[in-house]
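Residues per chain are reported as follows:
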Amino acid sequence: MIIRSPADDSEFETYYALRWKVLRAPWNQPPGSEKDEFEGNAIHLAAWNNSGKMVGVGRLHRMAGRQGQIRYMAVEPVAQGRGIGKALLEELELRAVQEGLIEIYLNAREEALQFYTDSGYELLGPAHLLFGAIPHFRMRKGIVGRLGSGAKLARCRDSPRVTHAPYRAPEIVGRPGQAPS
Ligand SMILES: CC(C)(COP(=O)(O)OP(=O)(O)OC[C@H]1O[C@@H](n2cnc3c(N)ncnc32)[C@H](O)[C@@H]1OP(=O)(O)O)[C@@H](O)C(=O)NCCC(=O)NCCS
């Protein structure tokens, strides 16, 4: 598996299509509904399997202060449960540390609560109801100390499985809000 940022328009098209397929299509939401106003200033990551197919996506954007928000985590349904989501989440957290962020917030769907809890996120309480049907829950993780060690960073940088594409540092955009996943 390779995890890196989409590199061109074609890869971004595939990236948004996977996001839409997993997070929006099941609720009959139109193409385009899978994007928000922070896309241009976010860190986008995707996972490719050994056949070169994109099988997972996730995004980090910076909020006010040293906080980040992870949104739009989605793994191809047939590839779920194989560690792809976890690998994407860890890489997004690593990028957050590299950006100098100290904590990450997200709004999780009920069925993904365990996934995030297993990765060290604490449940803060109920958030919004997406599309009037999908309850979300606010979660938080402090990332200083947990990922900030040089050993962890060095290990990830050396890993042959993960490539680090250059990316533009995101500007401070938004505040810890109730944005959906
Ligand atoms: C949630 C999602 C991103 C997780 O990605 P994934 O590749 O399926 O998860 P992983 O295989 O990396 O799982 C990592 C760990 O979380 C656990 N886990 C994953 N999904 C879980 C779920 N729905 N319920 C309980 N545990 C779950 C796994 O058992 C695994 O535990 P382990 O490390 O002890 O083996 C993915 O399942 C998905 O796209 N789901 C549908 C869309 C969605 O809900 N997105 C999140 C929006 S907030």
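Just so it is clear, the model here is predicted, and its values are computed rather than measured.

Thresholds, definitions, all that
Residues numbered from 1 in each chain as written. Predicted model: local features only at pLDDT ≥ 70, side-chain atom pairs only at ≥ 80, totals over all residues. Helix = DSSP H or I, 4+ residues; strand = E, 2+ residues; numbered from the N terminus. Buried ≥ 20, exposed ≤ 12 C-beta atoms within 10 Å, placed from the backbone. Contact = placed C-beta atoms within 7 Å. Pairing = 2+ DSSP bridges. Axes fitted to C-alpha atoms, helices over the stretch in contact; angles between N-to-C directions. Expected span 1.5 Å × (residues − 1). pLDDT = per-residue confidence, 0-100. Core = buried A, V, L, I, M, F, W, Y, C linked by C-beta atoms within 7 Å.

Undergrad: Which parts of the structure should I look at to understand the overall build of the chain?
TA: For the chain, the count of helices and strands is 4 helices and 7 strands. Going from N to C terminus, the chain has its helices and strands arranged as β-α-β-β-β-α-β-α-β-β-α. Out of the 181 residues belonging to the chain, those deemed buried represent 30%. Here the analysis covers contacts within the chain between residues at least 6 apart in sequence; of these, 66% occur between residues at least 24 apart.

Undergrad: Quick question: what am I supposed to make of the sheet that holds strand β2 (residues 43-48) here?
TA: Neighbouring strands of a sheet are bound in pairs by backbone hydrogen bonds; such pairs are parallel or else antiparallel. Judged by pairing direction, the sheet is mixed, and its 7 strands sit side by side in the order β1-β2-β3-β4-β5-β7-β6 without closing on themselves. Edge positions in the sheet fall to β1 (2-4) and β6 (122-130), since each of these pairs with one other strand and no more. Sheet twist, expressed as the mean angle between neighbouring strand axes with direction ignored, is 25 degrees. Here 6 bridges tie β6 to strand β7 (residues 134-142), and the two strands are oriented antiparallel to one another. Along β7, the bridge assignment pairs Glu122 with Arg140.

Undergrad: Which parts of the structure should I look at to understand helix α2 (residues 84-98)?
TA: Each α-helix turn comprises 3.6 residues. Residues three or four places apart therefore point the same way. Counted at 1.5 Å a residue, the expected span for α2 with its 15 residues is 21 Å, and the 21 Å between its end C-alpha atoms agrees. Positive phi shows up at Gly100, right after α2, with a value of about 85 degrees.

Undergrad: When you look at unusual backbone geometry in this model, what are you seeing that I'm missing?
TA: Peptide bonds are, in most cases, trans, and in most cases residues other than glycine have a negative phi. In the Ramachandran plot, Asn28 falls in the positive-phi region, its phi being about 55 degrees despite a non-glycine side chain. Inspection of the secondary structure puts Asn28 in the loop between α1 (9-23) and β2. We note that Tyr72 has phi near 60 degrees; this positive angle belongs to a residue other than glycine. Mapped onto the elements, Tyr72 comes out in strand β4 (residues 67-75).

Undergrad: Got a minute to help me understand the confidence of the model for the chain in this structure?
TA: Do not read the fine detail of predicted coordinates wherever pLDDT is low. The pLDDT averaged across the chain works out to 85; a share of 80% of its residues lies at or above 70. Counting interchain partners and residues more than four positions distant, the pLDDT-below-50 stretch residues 147-178 has 45 contacts.

Undergrad: How should the pairing of β2 be read in this particular structure?
TA: The two faces of a sheet get side chains in turn, since along a regular strand they alternate between them. Among the 6 residues of β2, 5 are classified as buried, and the element is accordingly described as predominantly covered. The pairing of β1 with β2 spans 3 bridges and is classified as antiparallel. The residue bridging Ile2 from the neighbouring strand is Trp48, located in β2. In the sheet, β2 pairs with strand β3 (residues 54-62) via 6 bridges, with the strands oriented antiparallel.

Undergrad: Got a minute to help me understand the nonpolar core in this structure?
TA: In globular proteins that are soluble, nonpolar side chains generally tend to be buried together. Core analysis: the largest hydrophobic core is formed by 35 residues, its most contacted members being Ala74, Leu88, Leu92 and Leu106. Of all the elements in the fold, those that place two or more residues in this core are α1, β2, β3, β4, α2, β5 (103-109) and β7. Here this core takes 7 residues from α2, the largest share from any one element. Ignoring anything within four residues of it in the chain, the contact list for Leu92 reads Leu45, Gly58, Leu60 and Ile70.

Undergrad: Whenever I open this one, the environment of Met63 confuses me. Can you help?
TA: Mapped onto the fold, Met63 is located in the loop between β3 and β4. Under the C-beta neighbour-count criterion, Met63 is labelled buried, with 21 such atoms within 10 Å. Separated by 42 residues in sequence, Met63 and Tyr105 place their C-alpha atoms 9.5 Å apart.

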